[in-house]
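# Coordinate analysis (summary)
Each chain, written out:
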Amino acid sequence: MLYYGAAYYTEYLPAGRTDADMQMMRDAGLNVIRIAESTWATYEPREGEFDFTPVAHVLDKATEYGLQVIIGTPTYAIPAWLQLKCPSVMADTHQGRRPYGARQIMDITDPDYLFYSERIIRKLMEVVRGYDCVIGFQLDNETKHYDTCSQEVQKRFVASLKEKYGSTDKLNDAFGLNYWSNRIGSWDEFPDVRGTINASLGCAYAAFQRQLVTEFLQWQADIVREYAKPNQFVTHNFDFEWRGYSFGVQPDVDHNKASKCLTMAGCDIYHPTQDHLTGREIAFCGDITRCLKHAPYLVLETEAQGFPQWTPYPNQLRLQAFSHIASGARGVMYWHWHSLHNAFETYWKGLLSHDLEANPTYDEAATVGADFAKLSDEICGLQKHNRAAMLVSNTALSAVNAFRIPTCMPFSGKNYNDMLRPLYDACYDLNLELDIIFEDADLSAYELLIVPCLYAAADELIARLREYVQEGGHLLATFKTGFTDENVRVRAEKQPAGLTDVFGCTYSQFTIPEGVTLCGGSVVSDWMELLEADTAEAVENYQHPQWGNYAAVTRNAFGQGTATYLGCMPDASYLRDLITYEAKSAGLDLPEYAFPLVCKRGIQGGKRVTFLLNYSQKAQQLNWDGGDGTELLSDAAILSGAALEIAPWDFIIIKEANVCVGL
Amino acid sequence: MLYYGAAYYTEYLPAGRTDADMQMMRDAGLNVIRIAESTWATYEPREGEFDFTPVAHVLDKATEYGLQVIIGTPTYAIPAWLQLKCPSVMADTHQGRRPYGARQIMDITDPDYLFYSERIIRKLMEVVRGYDCVIGFQLDNETKHYDTCSQEVQKRFVASLKEKYGSTDKLNDAFGLNYWSNRIGSWDEFPDVRGTINASLGCAYAAFQRQLVTEFLQWQADIVREYAKPNQFVTHNFDFEWRGYSFGVQPDVDHNKASKCLTMAGCDIYHPTQDHLTGREIAFCGDITRCLKHAPYLVLETEAQGFPQWTPYPNQLRLQAFSHIASGARGVMYWHWHSLHNAFETYWKGLLSHDLEANPTYDEAATVGADFAKLSDEICGLQKHNRAAMLVSNTALSAVNAFRIPTCMPFSGKNYNDMLRPLYDACYDLNLELDIIFEDADLSAYELLIVPCLYAAADELIARLREYVQEGGHLLATFKTGFTDENVRVRAEKQPAGLTDVFGCTYSQFTIPEGVTLCGGSVVSDWMELLEADTAEAVENYQHPQWGNYAAVTRNAFGQGTATYLGCMPDASYLRDLITYEAKSAGLDLPEYAFPLVCKRGIQGGKRVTFLLNYSQKAQQLNWDGGDGTELLSDAAILSGAALEIAPWDFIIIKEANVCVGL
Amino acid sequence: MLYYGAAYYTEYLPAGRTDADMQMMRDAGLNVIRIAESTWATYEPREGEFDFTPVAHVLDKATEYGLQVIIGTPTYAIPAWLQLKCPSVMADTHQGRRPYGARQIMDITDPDYLFYSERIIRKLMEVVRGYDCVIGFQLDNETKHYDTCSQEVQKRFVASLKEKYGSTDKLNDAFGLNYWSNRIGSWDEFPDVRGTINASLGCAYAAFQRQLVTEFLQWQADIVREYAKPNQFVTHNFDFEWRGYSFGVQPDVDHNKASKCLTMAGCDIYHPTQDHLTGREIAFCGDITRCLKHAPYLVLETEAQGFPQWTPYPNQLRLQAFSHIASGARGVMYWHWHSLHNAFETYWKGLLSHDLEANPTYDEAATVGADFAKLSDEICGLQKHNRAAMLVSNTALSAVNAFRIPTCMPFSGKNYNDMLRPLYDACYDLNLELDIIFEDADLSAYELLIVPCLYAAADELIARLREYVQEGGHLLATFKTGFTDENVRVRAEKQPAGLTDVFGCTYSQFTIPEGVTLCGGSVVSDWMELLEADTAEAVENYQHPQWGNYAAVTRNAFGQGTATYLGCMPDASYLRDLITYEAKSAGLDLPEYAFPLVCKRGIQGGKRVTFLLNYSQKAQQLNWDGGDGTELLSDAAILSGAALEIAPWDFIIIKEANVCVGL
């Protein structure tokens, strides 16, 4: 069954609303609510005084109305009394000690915080363990490290360095600490890391902070598992680099490692709508989350009405919901049921407006609920078998962000995700579906591997990229790949370091393009490496009075495969052409149609399901390129080759009749 | 007699200037100086050592030269010794403890500050009480709360909440403190308010801080009154939201409440000049200040030469001075007499440049002085009888500013005054003179009431708006009116909450306009509510592919009156058309001419006085639409219907011959 | 011999590189390296443990390879152990105590810092004193005061004020401290200077901070001299106001005073390249540095590859190197030999890229090295005899910056160097070579003196300007000159104060130009004074409806000379016309050709050497306007009047055959 639901906060609502709310949920086809993760102070208003009445009330009512419930552990927002009693629970960051008030500003390693967190989790679990309507648990909420830099955390960080490097001399050497006299004389003489200007040290600390998140979630998972039944899942709502919406790889969490303790992956996805709705963030964040377990995942939060500028046009709420399913989601939950009357997020609206009555968005949700119910058997548990992947890396992310592009002075310019998203978006626009994988993934599963800005990478990863091509893979990597080792030490060898024979090209100089184009007129921006093709073919040279002898793109046959190196950032049109070429070289077929007509595919019940989604104000036409099948919403038969039209902001779902072979 | 004067700082001047200065003042027709408010350290150079020689000297000389004097209490800038002896006098703000140096950065509730302030005030009053030239007292200077957040102030704030709400449960409920676990368990466990993200709590603290200003001025007024004679006024120079000039309603002071302790209202008005001189700020700030007492007021500070970019064009100084009088001012005083040779405001120039000699601006001031003297009997004590008013509210201001428009995330976007000023400016441009009134005003005095963004309002005020229309008033209110209660809790009902029948329309959704216009092409910006007309007429629908079914403006007959609701921010041209329509509906006649030809009117000696002011580089023509009368500057007779021309940056003043009836 | 070299950090390099590096240096003609200034922690890894092995190794190898060495004292970047042992070594600034990590953030007056600095300097000197390859010493590195505001420093500042003014009354009067009650009651009651808003006090503190730099360098020089041999120079690498490159007069150091302790002046010059390479910064910074000793100077740092956006076009590295020599430099050294693999400046590239192999930039350097070797006898020790000078002043700089232009509120708007550079650049573009001199220079050496924004100046300097014109000098001064005394007290007299008869004009008002032009259409920006010509000729009036009666530029005969006053900032074209006129009036000949064809001249071996440099992508033609001579690079004979062509980014050097007379 597809989950369809919303976060539900009885604690924030006017009294006596529960029956009315749950009836409205049922009417709209909602079947799951998420509760409890935000309101520790309600359950423990004074230290040691517990009152779970609101939780029990909602669980009782949910049982009555047939709603399923996800329980969140209430640890991401702490009570005022805890901060007053134990001031050290507040994170001490690069900007100093955080004041009480907002959420997610505590030190997630603080012993007092952990003590009281464990107690409230256990108390809550005791209350909810007896309810059959509880289908799973969410650990905390969008956990990050909140830049904790306490003395204790720094001690642990230094201890981890000592364990890894043994002697300070080895550390000094690995991190280049001779520079500007930053050399460490003994493990006891380690300066506060907050002042460092050494990118190796800074990135090591960032990685250590991400590890704190992994450990924290594991710690919560262990507690929750003591109470959870086998059929109850344990999940977490990962979020993404935030640009006013979900934009890119999360810098502060290693999703790959942190998800190990979960039984089901989950995430929060927010995105622009109205004329700016493209579905890109739905796909990008979904691809990351799906690949954490290579299994269906939960969209634990996404916008209903959201920010004022996101009030959805008619049809958009439907389009969004089915786009998540088409990416492999197991369900879609809104943040949140009702719009808030107080506090901070008053203008981040839920399904209901502040008047708590039906409205156009709620009415449209009811059609989603009905269609989810109708189609669950046909599309739930969609399996994706993508043959192309994009490799992402938190190590490379931190390292790129330490230097930024293009000003290349720290703390300004574009970052890792700015470089990555144009490549992802080009694939999306071409309807080339991707897996997004981390460094430790099995690369051999893919015919085409796209590697953006893998700026920092261990020798072992470089070797696996080499092996990937050697064994027949098709690799498309960009500028900066391989430039430094995992400690952000630039490799003192020809670039792309360790891969010059794989790519068949080298460079030792680079610059910021100004007035530089490629042959077809594509403007080069952000960064350009002055490539010299060796065994490779120079696919493109820079068009410029001074740099015209250098290649911008090279392609090389190596072993059984091919390796293409993109030495600069061209415009979107060029990226699409390049990826089209690479995909075809790798034997991947792309549809004839492209964005705003988006195609997503998967297997359900052994048969191929195709979602055709129109992300525009204009109707879109296509000739059906699959086999005979059925359009699931209308139950209409679709013959191969049929001429189809999809209305603005609308979609169709075709399930083919024949069992799919070979995937 | 019209006051004409300047702030005078003998303490800042080269020695021996007093006779020369006062002779130059007399030559220019200046008749009043303001002294003493800035130079506590001169009068008490070391703790307990007093020396009022400069004050006595100036008072003696003023007596000799026939100048009147306003005495300011010297408490807004504290001596260095006070800060060194009592560090806690410095305000502890959201940004931490302020360093010594600037003015207006002390904690106005600090006991040490109050002790030493009272002593210096009393010492000063003893010195000046015997001088007949002293006509009044100014309390402090542009007093605000300087964001004081000391522990003591916060304790008083919590005590005030306890007194108002009794139990923390009631407070938690009223402010929605369950959100993000901010619930208060006991009055003793109140976190530092500086970290709060709760808008209800933040706005309550802002209101409390404004109340501190009211109390401080009352405290000073009580001290001063012990010494003041009955014929000496007590005033204060209120200032306004600052945008490099006086822009809008002051967020940090409740002018309405703070002015209760005064016998005459006063203010400081600074505005752009040269090509940017419009008179809008002169009118806006004047309308606020006049309505505090509904009586003539003092412009205690306005620019002479001011900032370098304000060096006035020929004629502008005259135009400005008479514009103040036309708004109902009792006098105009420059800040300041001489330009400062040191310190900080060297480039905020006075009537004299740094060479302390006559200059074009001084020469033009002399013509003002002469005309003030000539016309005092004809225009001094002008009474205004405006039939339209604009309702402003510090409560709504804080609440709007907590969420801002249009990004609707805190701390960015446009604020209350950004929404208010376009409405005010449209009235000004149409020559519709307004009273600007606060929440407790008697609404029944007005035929037309304009209510911009009354976002937070108590039930009682909503009820009075209803009654106003019911009884025959004409109400024009904008988007966001009525949205929350006085605690910034969104009303959980159909919007405009409590007024849906009055306006005959409702809405439950809103968005940020992008590419949206009104029928005549007016671009909609900032905010748009998706209005559905019920009993109202939909005056305008949005022009947009998706939002075209929703109304932008509705008009409704209700009771004896009419209520128009403006659901968005249209452009200035549309606002003028709308207000013209509303004014006519309310039976108010507007002149045929509009900005840059500005008309201001009042009654003096029972007869109507009309100021016709040309705010442009081009001569303006009009046909005189009043009765027969006299142009006061030229003594020329003016017949009804006469063709008049007003030179660039010039003005005429017509007093009609017949006694005015009916106002 | 011309020096050609690079900073060399064996401490930052992979092990075992020295031989390879030095062979590559020799191959490229490099003959000098600079070492040791950055790596105190390497030499003293733990307190009191010294290890100068890397230094000795490099000196041994340099001896072997015939390289000369400059030794830097390693005090600008402190070891972590020093900060942990003595936290007070970190500068306590306007922004609070600086955290450890970056360089140049210590308190250069802290006793602990000085104790340990002296010890490491002496230890180093003992190691290096025996090496003949050491040709000189560099004190510290780009020393500034790092805004130290420690209590101890402030005590010394107050003591210096007490010594200068004697009584607080005199200080209060000089600084105008009555303003806003800032009066000082006693020397013991001096508030923390960091909060001051008094520009006189703030500028006095800035001057005091600059004096700390002078004292610090003198202290280091005294130590170093105990060890240095007579033939070893003592230098320092001064830097400049930084705008992402070397832009203007250094605000934080008085180069004039600080250079007294040196035997050879030195500096660091960084500048844009590629299409933005103009040579302006090379000339500007070189002119300042050369005039410190009026002798050849060292360019101790300049970019090789530098920032990514600076990767030089072919030929640019050569053009740059010879441009320095043409300005009078004794040598050119790159920062730095090899690109860094770690830390912070990874993207500030040296001669070698990270692969440590030859590359196009290195290859081009080799041609420079060869030509330096070939031409040393012909061009080394170039003497400049400029007849025009620009007068700059740190006192005026601080004062202008305290108020800024044009907003004229502190802390925004344009600063002193923004006003100065357009004038300098106009001279540069016209090939009018300048000396840049400080207040105490002998003005009589110059036919033309350009004085930009001499906003704060003592009476004595004003008198010398008067005397300069009186005795026949040609003075061109701009707006704001003379406005305040050396304490930033505006002179209470007609402006330009003290010089109204010299300039034959006065003004008492000024404004910010908006839509104002000069006669030929030049747009006036930033600032305009409303000049009234007295004895002067009004060369230009403002073109504006209101300001048209005021002069913008006046010219006056006074005594034996002439004085031109520029009351506003016109555009570059007008500035060039004005300076052309002034130069001709002063009897100075300008070449017929102008930027991008740049001409620099000097005398070597009694004969005139002319560098003709093409700063553009296009070949430039000229007719040789000198006498018969030889083009030194090609050894070609050049006859007077010959038609010459200079290739893009190329240059020629002509040495005339006849001995130069008269200079």
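Residues numbered from 1 in each chain as written. Chains lettered and ligands numbered in written order. Predicted model: local features only at pLDDT ≥ 70, side-chain atom pairs only at ≥ 80, totals over all residues. Heavy atoms only, no water.

### Quick word on the packing of aromatic side chains
Inspection of the entire model under this criterion finds 137 aromatic pairs over all chains. Where Tyr 455 of chain A meets Phe 483 of chain A, the ring centres are 5.8 Å apart and the plane angle is 10°; that geometry is what we call stacked. Taken together, the residues span a long stretch of sequence, with Tyr 455 of chain A in the loop between strand E16 (448-451) and helix H15 (459-470) and Phe 483 of chain A in the loop between strand E17 (474-478) and helix H16 (500-503) at a distance of 28 residues. Like Tyr 455 of chain A, the residue Phe 483 of chain A is buried in the burial classification. Between Tyr 245 of chain C and Phe 247 of chain C the ring centres are 6.2 Å apart and the planes differ by 75°, which places this aromatic pair in the edge-to-face class. (Phe/Tyr/Trp six-rings, centres within 6.5 Å; stacked < 30°, edge-to-face > 60°. Helix = DSSP H or I, 4+ residues; strand = E, 2+ residues; numbered from the N terminus. Buried < 20%, exposed > 50% of the residue type's maximum accessible area, 1.4 Å probe, protein only.)

### Thoughts on the sheet that holds strand E1 (residues 3-7) of chain C
All names here are of chain C. Reading across the sheet, the nine strands line up as E7-E6-E3-E2-E1-E13-E12-E11-E8 and stay open at both edges, with parallel pairing between neighbours. Where the open sheet ends on each side, the last strands, each with one partner, are strand E7 (233-235) and strand E8 (237-238). Note that strand E11 (residues 266-269) and strand E12 (residues 297-303) share four bridges and pair parallel. By the bridge assignment for E12, Gly 266 is matched with Leu 298. Strands in contact with helix H11 (residues 316-326) are E1, E11, E12 and strand E13 (329-335); relative to E13, the strand with the most contacts, it is inclined by about 140°. (Pairing = 2+ DSSP bridges. Contact = heavy atoms within 4.5 Å. Axes fitted to C-alpha atoms, helices over the stretch in contact; angles between N-to-C directions.)

### Concerning the interface of chain C and chain A
Between chain C and chain A, the contact holds 52 residues from the first and 47 residues from the second. Around 4,200 Å² of area is buried between chain C and chain A when both sides are counted, 57% of it from carbon and sulfur atoms. The largest contributions to the chain C side of the interface with chain A come from Ala 343, Phe 344 and Tyr 347 of chain C, which together make up 19% of the buried area. Counting across the chain C and chain A interface gives two salt bridges. Summed over the shared surface of chain C and chain A, the number is 29 residue pairs in polar contact (both at pLDDT 80 or more). The set of elements that each furnish at least two residues to the side of chain C that touches chain A consists of helix H2 (40-43), helix H4 (80-85) and helix H12 (360-379) of chain C. Ranked by the residues each element gives to the side of chain C that touches chain A, the list is headed by H4 of chain C, at four residues. (Buried area = accessible area lost by both parts, 1.4 Å probe. Salt bridge = Lys/Arg side-chain N within 4 Å of Asp/Glu carboxyl O. Polar contact = N/O pair within 3.5 Å; in protein donor to acceptor, adjacent residues only side chain to side chain.)

### Quick word on the relation of the copies chain A and chain B
When chain A is brought onto chain B, the operation consists of a screw motion whose angular component is 120° and whose axial shift is 0.0 Å, with 0.0 Å RMSD remaining. What the rotation and shift describe, once combined, is the action of a three-fold rotation axis. (Least-squares fit on C-alpha atoms with pLDDT ≥ 70 in both.)

### Notes on the sheet that holds strand E27 (residues 607-614) of chain C
Residues and elements named next belong to chain C. With antiparallel pairing, the five strands of this open sheet are ordered in space as E26-E27-E32-E29-E30. Unpaired on one side and paired on the other, strand E26 (597-604) and strand E30 (636-638) mark the two borders of the sheet. Here the strands of the sheet are splayed against their neighbours by 25° on average, with no regard to which way each runs. Note: E26 against E27, eight bridges, orientation antiparallel. Within E27, the residue paired with Arg 601 across the bridge is Thr 610.

### Let's talk about the interface of chain A and chain B
Where interface size is quoted, it is often the accessible area lost as the parts come together. Contact residues are listed per partner, giving 52 residues for chain A and 47 residues for chain B. Across the chain A to chain B interface the summed buried area is about 4,200 Å²; carbon plus sulfur atoms make up 57%. Applying the counting criterion to the chain A and chain B interface returns two salt bridges. Lys 494 of chain B serves as the salt-bridge partner of Glu 357 of chain A, at 3.8 Å between the closest nitrogen and oxygen.

### Focus on the side chain of Thr 481 of chain C
Residue and element names in this part refer to chain C. Position of Thr 481 relative to the elements: it lies in the loop between strand E17 (474-478) and helix H16 (500-503). Among the polar contacts made by the side chain of Thr 481, one reaches the main-chain carbonyl oxygen of Thr 478 at a distance of 2.8 Å. Those residues within four positions of Thr 481 in sequence are excluded, and the remaining contacts are Val 451, Cys 453, Leu 454, Tyr 455, Gln 495, Pro 496, Leu 499 and Tyr 565.

### Describing the pattern of salt bridges
For side chains of opposite charge, pairing can occur when their charged atoms come near one another. All names here are of chain A. Within this structure, the stated rule accounts for 123 salt bridges over all chains. Here Arg 421 makes a salt bridge to Asp 425, at a shortest N to O gap of 3.0 Å. A residue pair is termed a helical-turn pair when its members lie 3 or 4 positions apart in one helix, as Arg 421 and Asp 425 do in helix H14 (residues 416-429) at four residues. For Arg 421, a relative accessible area of 4% puts it in the buried group. Taken together, the salt bridges that share partners define one network made up of Glu 44, Glu 47, Lys 85 and Arg 119.

### Here we look at helix H8 (residues 199-225) of chain B
Residue and element names in this part refer to chain B. Counted at 1.5 Å a residue, the expected span for H8 with its 27 residues is 39 Å, and the 39 Å between its end C-alpha atoms agrees. Counting buried residues in H8 gives 19 out of 27 residues, a clear majority hidden from the surface. At the N-terminal end of H8, a side-chain oxygen is found 2.9 Å from the backbone nitrogen of Ser 200, two or three residues along, and the residue is Asn 198. (Expected span 1.5 Å × (residues − 1).)

### Observations regarding the domain arrangement of chain A
Residues and elements named next belong to chain A. By the assigned domains, chain A splits into domain 1 (3-76 + 115-145 + 213-379), domain 2 (151-202), domain 3 (388-585) and domain 4 (597-659). Inter-centroid distance (C-alpha atoms) of domain 1 to domain 3 is 37 Å. Counting residues at the interface gives 25 residues for domain 1, matched by 19 residues for domain 3. Contact with domain 3 buries area across many residues of domain 1, yet Val 249, Arg 280 and Phe 284 alone supply 31% of it, more than any other trio. (Domains from an automatic or database assignment.)

### Observations concerning the packing of helix H1 (residues 18-27) of chain C against helix H3 (residues 53-65) of chain C
All names here are of chain C. For the pair H1 and H3, the least separation of the axes is 10 Å and the interaxial angle reads 40°. By the angle between their directions, the pair H1 and H3 is classed as oblique. Judged by the sense of rotation from one axis to the other, the crossing of H1 with H3 is right-handed. Of the residues in H3, those touching H1 at Thr 18, Asp 19, Met 22, Gln 23 and Arg 26 are His 57, Val 58, Lys 61, Ala 62, Glu 64 and Tyr 65. By residue class, the composition of the contact of H1 with H3 is four nonpolar, three polar and four charged. (Parallel < 35°, antiparallel > 145°, perpendicular 65-115°, else oblique. Left-handed = near helix turned anticlockwise from the far one by under 90°. Nonpolar A, V, L, I, M, F, W, Y, C, P; charged D, E, K, R; others polar.)

### A closer look at the environment of Ile 379 of chain C
Residues and elements named next belong to chain C. Mapped onto the secondary structure, Ile 379 falls in helix H12. Between the alpha carbons of Ile 379 and Ala 326 there is a distance of 8.5 Å; along the sequence they are 53 residues apart. In contact with Ile 379, other than residues within four places in its own chain, are Leu 2, Phe 322, Ile 325, Gln 604, Val 609, Phe 611, Leu 632 and Ile 653.

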